[in-house]
Amino acid sequence: MAQIEQSDGGKKKKGAQKKIAIHVDFTPMVDMNMLLITFFMLCTTMIKSQTLQIVLPTNEDVKKEQQSQTKQSEAITLILDTEYNGDKPATDAETGKTIHNIYYYEGIADTTFATSKYLQKEQFIGNMNHEPQGIRKILRGKNKEVMEQYVKLKDQWKNKEITKEEFDKLAKQNASDSLKTRPVVVIKPGPNTTYEGLINAIDEMNINQISRYSIELPTHTDTLLLRHYEQANNATIIRPTVRARAAHMTAAPAEGESTPNS
Amino acid sequence: MGKVKIKKKSTLIDMTAMSDVTVLLLTFFMLTSTFLQKEPTIVYTPSSVSEEKVPMNNLVTVLVSSADKSGKLDDPSVAEGKLFISFTGDADSTLSSEKIRGMMLEEALAIYNEQHKNNKIALTPQMKSEFQATNMIGVPFSVLPQVMAMSVTERDKFMGDMTNPQVGIPIDDNRNRDGRLNDFQVWLKAIYNVAQRINNEQAEGLAAEERSQLSNLYTALMRKGQGIAIKADKDTPFTTVQLVFDNLQTMKLNKFSLMTALKSEDEPTN
């Protein structure tokens, strides 16, 4: 291929110059190209990061009358915690993933400890055989009405009855449909929670189409619940904070609030 | 027995086809690539099911360093929670990243000098152009002139040393500050002011309808919450990240995004 053939047209003349095949060696060219490819492969990012959007309320003091009140039956509080092994997050021996625990209660905190439901433990398990497990199952149960409609919409989109834009719009409307019973989730990450634990919790909100959730710091009541849970279940949840904040980041907990580990 | 004549064969391999393939691959990589931005430290973001991509333009990234993972330090948390900030401009070349960085720097210095009348910071034009060429910056204002006077290699080395207390934008619990802003808040205020100014300039003389069509850093910040992205390591404690959230809230930037990697819904979540 790389040689230019010079045919003599079949005739043989005497004394005609001998024709030489011109051959171009492409090997150095290939070498150079390979080097360039390697360079580009090493220097590029093929996978773009994704973003999760969050909206936080103002951190100014809000008067009690101005605070929005939630129906007791709709509220669910998740207290997050990450297990630690020394100063590193503990990982599951099988999957190699960090162990995050969720302690949750529904409605207002039951400080009489009348039933064992004052605090229940769950984990982020995700789906198993396409069925939600762990905390996802509980949240989905709470948001059943929205999820039923959401599944229908998703089917319509998959069957190409509606476009992606329409689906996104309808799903958003559906998630904030005030006629449906929807939960209000309060996410309370304890001081030993890793950033991943928080992201997992927000992620569950998105998966379960929960439009009303907030991120708050744990209160005294939560500490009380955790302490009682510890005693009843012979567990250790309240440990000293694994990592003291580095010297350049000195923050005191908000007034009137206390973290479970303090 | 007759001699078996071995025909001499040419050992030349035709490389043309190979060359064709490599050129094609090269073209592919050149066209699809976006170069990795230089970051002083590596963080591994947690994953989520969110499919929203990080915007390419009009973005302010706040990087929160993770605890030291090399195991060389006695106290790995020394390296934790250092803040770095990076600005990406508009796709439009009139507001390139360099220009945005320049505007941010001017504004931030003005705010800082207003608050620290006794130790004002002044940068030479040379230092300013150095700043414009730097992707990610993470030093207190007090050492900014010193860092900007360094060569690129020196600066990378300086900012890459997470144990150095002079690395990382200072942040604190923003309580009892008597109206004085910390360095991180100065940057946030500068971001807001610059974004608003750009938006006002662009909106001038436009009808209300056209105004709502504008797409710049201000609209990204205010409407979509895509203007500021926080990039933190999955093992960073929440308390560290919360401090960043709290400072953002104080500066009325309540909408922002968190950078994550992609995973599917069926994947077990830890």
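Everything numeric in this text was worked out from a predicted model, so none of it was measured.

Draft legend 1. Just the overall build of chain B, in detail. Looking only at helices and strands, chain B features 9 helices and 6 strands. What you see for chain B is a C-alpha radius of gyration of 25 Å, clearly larger than the 18 Å of a compact globule of 270 residues, by over 25%. Seen through its C-alpha atoms, chain B measures out along the principal axes to roughly 110 × 60 × 50 Å. Out of the 270 residues belonging to chain B, those deemed buried represent 37%. For chain B, long-range pairs separated by at least 24 residues make up 66% of all intrachain contacts whose partners lie at least 6 apart in sequence.

Draft legend 2. Main features of the environment of B:R101. Residues and elements named next belong to chain B. Structurally, R101 can be placed in helix α2 (residues 97–115). In this structure the C-alpha to C-alpha distance between R101 and N200, which are 99 residues apart in sequence, comes to 18 Å. Contact partners of R101, with chain neighbours within four places excluded, come to F87, F131 and Q132.

Draft legend 3. Structural detail: the environment of A:L226. The topology assignment puts A:L226 in helix α6 (residues 220–233). A:L226 sits 147 residues away from A:I79 along the chain, and the two C-alpha atoms are 9.2 Å apart.

Draft legend 4. Just the domain arrangement of chain A, in detail. All names here are of chain A. Looking at chain A, the domain boundaries give domain 1 (70–140 + 182–242 + 258–262) and domain 2 (144–181). Here the C-alpha centroids of domain 1 and domain 2 sit 28 Å apart. At the interface, 5 residues of domain 1 touch 8 residues of domain 2. Considering only residue class, the side of domain 1 that touches domain 2 consists of no nonpolar, 3 polar and 2 charged.

Draft legend 5. Layout of the interface of chain A and chain B. At the junction of the two partners, chain A supplies 63 residues and chain B supplies 69 residues. Broken down by secondary-structure element, the contributors of at least two residues to the side of chain A that touches chain B are α1 (27–43), β3 (50–55) and α5 (195–207) of chain A. Tallying contributions element by element places α1(A) first for the side of chain A that touches chain B, with 10 residues. When its residues are assigned to classes, the side of chain A that touches chain B shows 30 nonpolar, 25 polar and 8 charged. Two elements, β3(A) and strand β6 (residues 255–262) of chain B, share 6 bridges in a ladder whose sense is antiparallel. Pairing of A:Q53 across the sheet is with B:S257, part of β6(B).

What counts, and at which threshold
- Residues numbered from 1 in each chain as written.
- Chains lettered and ligands numbered in written order.
- Predicted model: local features only at pLDDT ≥ 70, side-chain atom pairs only at ≥ 80, totals over all residues.
- Helix = DSSP H or I, 4+ residues; strand = E, 2+ residues; numbered from the N terminus.
- Rg over C-alpha atoms; globule rule 2.2 N^0.38 Å.
- Buried ≥ 20, exposed ≤ 12 C-beta atoms within 10 Å, placed from the backbone.
- Contact = placed C-beta atoms within 7 Å.
- Domains from an automatic or database assignment.
- Nonpolar A, V, L, I, M, F, W, Y, C, P; charged D, E, K, R; others polar.
- Pairing = 2+ DSSP bridges.

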